[in-house]
Amino acid sequence: MQTLPLRFVATAQRAARALLVLASLLVASALGRAQQIAFTWDDVPAHSAMPPGETRVAIAQKLIAAMKDAGLPPVYGFVNGVAVEREPASERVFKIWRDAGLFLGNHAWSHMNLNTATLADWEADVLKNEPLLEKAAAGTDWHWLRYPFLAEGDTPEKRLAARKFLADHNYKIAAVTMSFGDYMWNEPYARCSAKNDTAAIAQLETSYLDAAAADADFRRAMARALFGHDIPYVLLMHVGAFDARMLPRLLALYKSKGFHFVTLQEGEKDPFYKGSMNPALDLPPDTLESAMHAKGLPLPSHPRPNIDVNSLCR
Ligand SMILES: [Zn+2]
């Protein structure tokens, strides 16, 4: 009679352990499903060509309305001040953006490419944007830099010097860990709209969403290969006319794939973004591709859209 309760206890302990394992698996899979994405917008206030009748202000209003409808937390938009010289009416975008509670960051005054410019010229281009940001984004943390062309410097020395400059000026770097080349659709859309080619516009719509879906799968496959789980992804987008047209459908697509929307600040709290949060550190770029290369892992398959959007409506 002494052994029976003991056996019972042992069985109960095993059952409890099994339950714990099951519970932790459920938590892990729930976390796995709750992958996060931070939308970021480049080339504020003016990106690429527009269809007849479109304006920069109307594009910003469409973007803001779609993000509000989908319940996005406040996003960053990265500014090129030169756009206001070229298109003075676009300056109102800053006010609309800020009135919606969204943030602004630095994308260098003239979108200068650090890989082709001198370091001194590039640094001056970053600083030239600051009075505009000081005014348009007063009282907010606009010290976030998105490298134009994602160019971080063509030599290790130049890259390191630029990082030191950013650290000295209290910048954090807006990394990019998700990007499907959304910018490529804006010029064809402007052309196809001018020609009223609805069949071609339908092709643009389908291929845009297909590219976004395939890219999300590609990034997630890399994160899983590297870490066994998702990281919060930082998505690179542009304030283009076609992006504004597609945003409600794009947000629905990410939602249907299980993504939750977070801020850039929250997403980059993940240890993966250590080098972006602190440019004073001498670390390689915070991209999934470079992390894969560093570990000698092969890139997962990445299906591309099977149409050449650049050939449309010529
Ligand atoms: Zn840009």
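Residues numbered from 1 in each chain as written. Predicted model: local features only at pLDDT ≥ 70, side-chain atom pairs only at ≥ 80, totals over all residues. Heavy atoms only, no water.

A. Inspection of the coordination of the zinc ion at higher detail. Within the first shell, the zinc ion binds the protein through D43 (OD), H107 (NE2) and H111 (NE2), at distances of 2.0 to 2.1 Å. Here the donor residues of the zinc ion share one chain and are spaced in sequence as D-x63-H-x3-H. Assessed through its relative accessible area of 1%, H107 is described here as buried. The class of H111 is buried, set by a relative accessible area of 17%. (Donors = N, O, S within 2.8 Å, 3.2 Å for Na, K, Ca; no water. Buried < 20%, exposed > 50% of the residue type's maximum accessible area, 1.4 Å probe, protein only.)

B. Up close: the side chain of H238. Tracing the chain through its elements places H238 in strand 6 (residues 233-238). Not counting residues within four places of it along the chain, the set of residues in contact with H238 comprises W41, D42, D43, H47, D182, Y183 and D243. (Helix = DSSP H or I, 4+ residues; strand = E, 2+ residues; numbered from the N terminus. Contact = heavy atoms within 4.5 Å.)

C. Layout of the nonpolar core. Residues F39, W41, F180, L250 and Y254 are the most contacted members of the largest nonpolar core, which totals 88 residues. A per-element tally of this core places helix 9 (residues 198-227) first, with 12 residues. Aside from chain neighbours lying at most four places away, what touches L250 is F39, F180, Y208, L209, A212 and M237. (Core = buried A, V, L, I, M, F, W, Y, C linked by side-chain atoms within 4.5 Å.)

D. Structural view of the layout of surface pockets. Volume-wise, the largest pocket comes out at about 620 Å³. Contributing to the lining of the largest pocket are 28 residues, with S179, G181, Y183, M184 and H238 lying nearest its centre. Per element, the largest residue contribution to the lining of the largest pocket is 4 residues, and it comes from helix 9. Within the lining of the largest pocket, the residues separate by chemical class into 13 nonpolar, 9 polar and 6 charged. Size it by volume and the second largest pocket reaches roughly 270 Å³. (1 Å grid on protein atoms, 1.4 Å probe; cavity = no way out; pocket = protein on both sides within 12 Å on 5 of 7 lines; lining within 4 Å. Points joined across faces, edges and corners; volume = space filled by probe spheres on them. Nonpolar A, V, L, I, M, F, W, Y, C, P; charged D, E, K, R; others polar.)

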